Amino acid sequence: MAELVGGEQRVQKPNNTAVARGADVAHLDLVEGLDASVIDDLFGGLSVVGVDAGEQFEISGDDIHCALVATGRLALDYDGAADRHRTVTLVEEGDILLRSHASGPAPKFSVRALGASQLIMVPNTRFERWIANPVFVQALVRQLAAQIADRELAAATALEPRVEHRLLMKIGQLAERFGRATPQGLRLDLRLTHQQLADMVGAVRESVTIAMGRLAASGDLVIDNRTIWIPYRDDPVDDARP
């Protein structure tokens, strides 16, 4: 569950908007089992905002309660002091992004598209319709609970003192969500750069490069270009090769 308050000076607000239809979200697990007419009632007519790769976006407007990621993948960034920022996690199709309702100073979060993405803006009145549907609200609670668990793991990872441990935990977290099972282990095809990984674990790129080499040498990871495998623990490390 993310609360967004991105800095006004640098957050761009895309102009490419459209109107949502129920069919636009029919592929999401969030609406699995719902009739097409119900999906259209929940999502039809909402504004869809297109965000290009590399573009940042802020959820704003007193009438907007949250946004749903309809397509694409985005990074949830935290902007800290001294121009340092950290990527807290990645969000993808089906994730919910809540607008901040903090009354005082709030952490500076923003979302940044890793590829062309679409977000559906959900006003307060429509959100009330969402929670009035007993079937859909169960799916919504499950989705938000999964996102909370993801953030809790991200927080636990940040407390690890060694870069290697933070990297291994973060890569394992990403593989569980975005990877796929192969005979060699969990395969992560996000093709993240060392700088992107550094942003996720609060380290500098050079430290991540050294740590990745150590993890590969120890057999904790198998790396081929920017594809990463996490060998299955029950298998001999020497057999975990692409």
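Residues numbered from 1 in each chain as written. Predicted model: local features only at pLDDT ≥ 70, side-chain atom pairs only at ≥ 80, totals over all residues. Heavy atoms only, no water.

**Quick word on the side chain of T87**
Here is the rule: We count a stretch as a helix when DSSP gives it H or I for four or more residues in a row; a strand needs E for two or more, and each element gets its number in order from the N terminus. Whenever a nitrogen or oxygen atom comes within 3.5 Å of another N or O atom, the pair is scored as a polar contact, on the condition that within protein one atom can donate a hydrogen and the other can accept it, and that pairs from neighbouring residues in sequence are kept only if both atoms are in side chains. It only takes one pair of heavy atoms within 4.5 Å for two residues to be counted as in contact.
Here T87 lies in strand β7 (residues 85-92). Among the polar contacts listed, one links the side chain of T87 to the side chain of D77, at a separation of 3.0 Å. With residues near it in sequence (within four places) discarded, T87 still touches A75, L76, D77, R112, D199 and M200.

**Some points on the pattern of salt bridges**
Counted only if it meets this: Any Lys or Arg side-chain nitrogen found within 4 Å of a carboxyl oxygen on Asp or Glu counts as a salt bridge.
In the structure shown here, the tally under the stated rule is 12 salt bridges. A salt bridge links E92 to R177; its shortest N-O distance comes to 3.8 Å. With a gap of 85 residues between them, E92 in strand β7 and R177 in helix α4 (residues 163-178) connect regions that are remote in the sequence. Of the charged contacts, one joins R162 and E164 as a salt bridge, the two residues approaching to 3.5 Å between their closest N and O atoms. Each member of the salt-bridge network shares a partner with another, and the members are R73, E92, D95 and R177.

**Here's the deal with the packing of aromatic side chains**
Quick reminder of the rule: Two aromatic rings, drawn from Phe, Tyr or Trp (for Trp, its six-membered ring), form a pair once their centres lie within 6.5 Å of each other, and the interplanar angle then sorts them: stacked below 30 degrees, edge-to-face above 60, tilted otherwise. Relative accessibility under 20% of the residue-type maximum defines a buried residue, over 50% an exposed one, and the middle range a partly exposed one, all with a 1.4 Å probe and only protein chains included.
Following the criterion strictly, the structure yields four aromatic pairs and no others. On the numbers, 5.9 Å between centres and 45° between planes, the contact of F127 with W130 is tilted. Within this pair, F127 and its partner W130 are both found in helix α2 (residues 124-132), separated by three residues, close to a single helical turn. Between W130 and F136 the ring centres are 5.1 Å apart and the planes differ by 75°, which places this aromatic pair in the edge-to-face class. Side by side, W130 and F136 carry an identical accessibility label, which is buried. Through successive ring pairs, a cluster of aromatic residues spans F43, F127, W130 and F136.

**Some remarks on the layout of surface pockets**
Using the following cut-off: Put simply, the grid is 1 Å and covers the protein atoms alone, a cavity is a trapped set of points that fit a 1.4 Å probe, a pocket is an open set with protein on both sides within 12 Å along at least five of seven lines, and lining residues have an atom within 4 Å of a point. Grid points are joined across faces, edges and corners, and a volume is the space filled by probe spheres set on the points. The residue classification treats Ala, Val, Leu, Ile, Met, Phe, Trp, Tyr, Cys and Pro as nonpolar and Asp, Glu, Lys and Arg as charged. All others, Gly included, are polar.
Size it by volume and the largest pocket reaches roughly 350 Å³. Forming the boundary of the largest pocket are 16 residues, of which D29, E93, G94, D95 and Q143 lie nearest the centre. Considering each element in turn, the lining of the largest pocket owes the most residues, seven residues, to helix α3 (residues 134-158). Tallied by class, the residues present in the lining of the largest pocket amount to four nonpolar, four polar and eight charged. Counted as a void, the second largest pocket has a volume near 170 Å³. Its residues assigned to classes, the lining of the second largest pocket shows four nonpolar, one polar and two charged.

**Section: the packing of α4 against helix α6 (residues 205-218)**
Selection rule: The convention used is that axes are lines fitted to C-alpha atoms, helices contributing only their stretch in contact, and that angles between N-to-C directions extend from 0 to 180 degrees. When describing relative orientation, an angle under 35 degrees is termed roughly parallel and one over 145 degrees roughly antiparallel, while 65 to 115 degrees is termed roughly perpendicular and anything else oblique.
Relative orientation of the contacting elements α4 and α6 amounts to 75°, with a least axis distance of 9 Å. Here α6 runs roughly perpendicular to α4, going by the angle between their axes. Residues V163, E164, L167, L168 and I171 of α4 form the contact with α6, whose own contacting residues are S207, V208, A211, M212, R214 and L215. Among the residues making up the contact of α4 with α6, the classes are represented as eight nonpolar, one polar and two charged.

**A few points about the sheet that holds β7**
Applied cut-off: At least two DSSP bridges between two strands are required for those strands to pair.
Ordered in space as β4-β9-β6-β7, the four strands form an open sheet in which the pairing is antiparallel. Two strands bound the open sheet, and with one partner strand each, they are β4 (56-57) and β7. Summarising the sheet, strand β6 (residues 73-79) and strand β9 (residues 109-113) pair through five bridges and their orientation is antiparallel. What sits directly across from L76, in β9, is V111. Lying on the sheet, α3 is in contact with β6 and β7; it crosses β7 at an angle near 150°.

**Here's the deal with the side chain of R126**
Rule in force here: For this count, His and the chain ends are skipped, Lys and Arg are scored as positive, and Asp and Glu as negative.
Looking at the secondary structure, you find R126 in helix α2. Of the buried charged residues, R126 lacks a salt bridge, with D41 as the closest side chain of opposite charge at 6.5 Å. When neighbours within four sequence positions are excluded, R126 is seen to be in contact with D41, L42, F43, G44 and L46.

**Quick word on the packing of α4 against helix α5 (residues 194-201)**
It is the contact of α4 with α5, at a shortest axis distance of 10 Å, that shows an interaxial angle of 100°. Taken together, the axes of α4 and α5 are roughly perpendicular relative to one another. Between α4 and α5, the contacting residues are R166, L167, K170, I171 and L174 on the first element and L197, M200 and V201 on the second. Classifying every residue of the contact of α4 with α5 by side-chain character gives six nonpolar, no polar and two charged.

**Observations concerning the pairing of strand β14 (residues 227-230)**
Burial along β14 is two-sided: the residues T227 and W229 and I228 and I230 are all buried. Alignment of strand β12 (residues 185-188) against β14, held across three bridges, turns out to be antiparallel. Bridging from a neighbouring strand, L186 pairs with I230 of β14. As defined by bridge partners, strand β13 (residues 222-224) adjoins β14 across three bridges and the pair is classed as antiparallel. The residue of β14 that forms the bridge with V222 is W229. What sits between β13 and β14 in their antiparallel hairpin is a turn of two residues, with N225 showing a positive phi close to 60°.

Everything listed here is a matter of coordinates, which is why it stays silent on function.
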